[in-house]
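Take a look at the letters that make up each chain.
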Amino acid sequence: MKNLFNIEGKVALVTGGSRGIGEMIATGFVEAGAKVYISARKAAACNELAEELSKKGTCISLPFDLGTMEGVEGLAKELAAREEKLDILVNNAGAAWGEPIDQYSESGWDKVMNINLKGPFFVTQKMLPLLRKAGTYEDPARVINIASINGIVPPDLETYAYSSSKAGCIMLTRHLAGRLAGDNILVNAIAPGPFPSQMMKATLETFGDAIKASNPRKRVGTPEDIAGVAIFLSSRASAYTTGAVIPCDGGAAEV
């Protein structure tokens, strides 16, 4: 029982890993002893964080634009050239777009859907050979999709594509979980609430006090909160859990 949450020595990939929730999860994995690859569209930021986290453990930068199939295929090819297996895949790369309904643009809709929903499916698809090599009956490989409480409860903000893509991410998680369990691959999702990420920066600057006041825990999330759930879903502790969606929101989706 003492080693239930141990992920030491596992190989992990965190997409969108250069900042925000991806950075929080990557940091938790590195400090827990995993070998962590991070990917992001902006190479400079990705390289800088990998260098910083390498002071604490092993972190390697693989920058690609996962909003395109070229980026997805490039990432899969590069990782396969470096590793024989992949124990943990965290599909975290994401985008948001907000506009009034009468002006909501097709380009904004497509950008969000491509990154938030199409991306996780095809990254998972292209990583299947490495995930299958890693997974065993006793210790399955893991896919963790980062959804959102906005995929469970509609937000007040006019972010139609974002909430729809995250609801789709939850259904994709359940669909993949049923299909891949027989391949010794578990697929689960985390649905974060408000965290101090780049995506939430403007919202928290404007509405931060109100968001905290309305949250049952009276605060926003911390890196330990999200990393803890991700480590649980990557460890022996969750080896009988698949198709689950775990809110990490201080109870915000329940009120």
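- Per an unreviewed UniProt entry, the recorded name for the protein chain is SDR family oxidoreductase, and the organism is Parvibaculum sedimenti.
- According to its UniProt record, the protein chain has this under Sequence similarities (unreviewed entry): "Belongs to the short-chain dehydrogenases/reductases (SDR) family."

1. So, the packing of aromatic side chains
- Under the criterion given, the structure shown has 4 aromatic pairs.
- Centre to centre, the rings of tyrosine 104 and tyrosine 160 are 5.5 Å apart; their planes meet at 75 degrees, and the pair counts as edge-to-face. Taken together, the residues tyrosine 104 in the loop between β4 (88-91) and α4 (106-134) and tyrosine 160 in helix α5 (residues 160-180) connect sequence positions 56 residues apart.
- The exposure class of tyrosine 104 is buried, given its relative accessible area of 17%.
- Ring plane angle 85 degrees and centroid distance 4.9 Å describe the contact between phenylalanine 121 and phenylalanine 122, whose orientation is recorded as edge-to-face.
- On the accessibility criterion, phenylalanine 121 (31% relative accessible area) is partly exposed.
- An aromatic cluster is built from Tyr104, Trp109 and Tyr160, whose rings are joined through pairwise contacts.

2. Digging into unusual backbone geometry
- Residues other than glycine seldom take positive phi values, yet asparagine 184 does so here, at roughly 60 degrees.
- The exposure class of asparagine 184 is partly exposed, given its relative accessible area of 24%.
- Although it is not a glycine, lysine 218 adopts a positive phi angle of roughly 60 degrees.
- Looking at the element boundaries, lysine 218 is found in the loop between α6 (201-214) and α7 (223-234).

Criteria and thresholds
- Residues numbered from 1 in each chain as written.
- Predicted model: local features only at pLDDT ≥ 70, side-chain atom pairs only at ≥ 80, totals over all residues.
- Heavy atoms only, no water.
- UniProt positions renumbered as here; feature names shortened; annotations may be inferred.
- Phe/Tyr/Trp six-rings, centres within 6.5 Å; stacked < 30°, edge-to-face > 60°.
- Helix = DSSP H or I, 4+ residues; strand = E, 2+ residues; numbered from the N terminus.
- Buried < 20%, exposed > 50% of the residue type's maximum accessible area, 1.4 Å probe, protein only.

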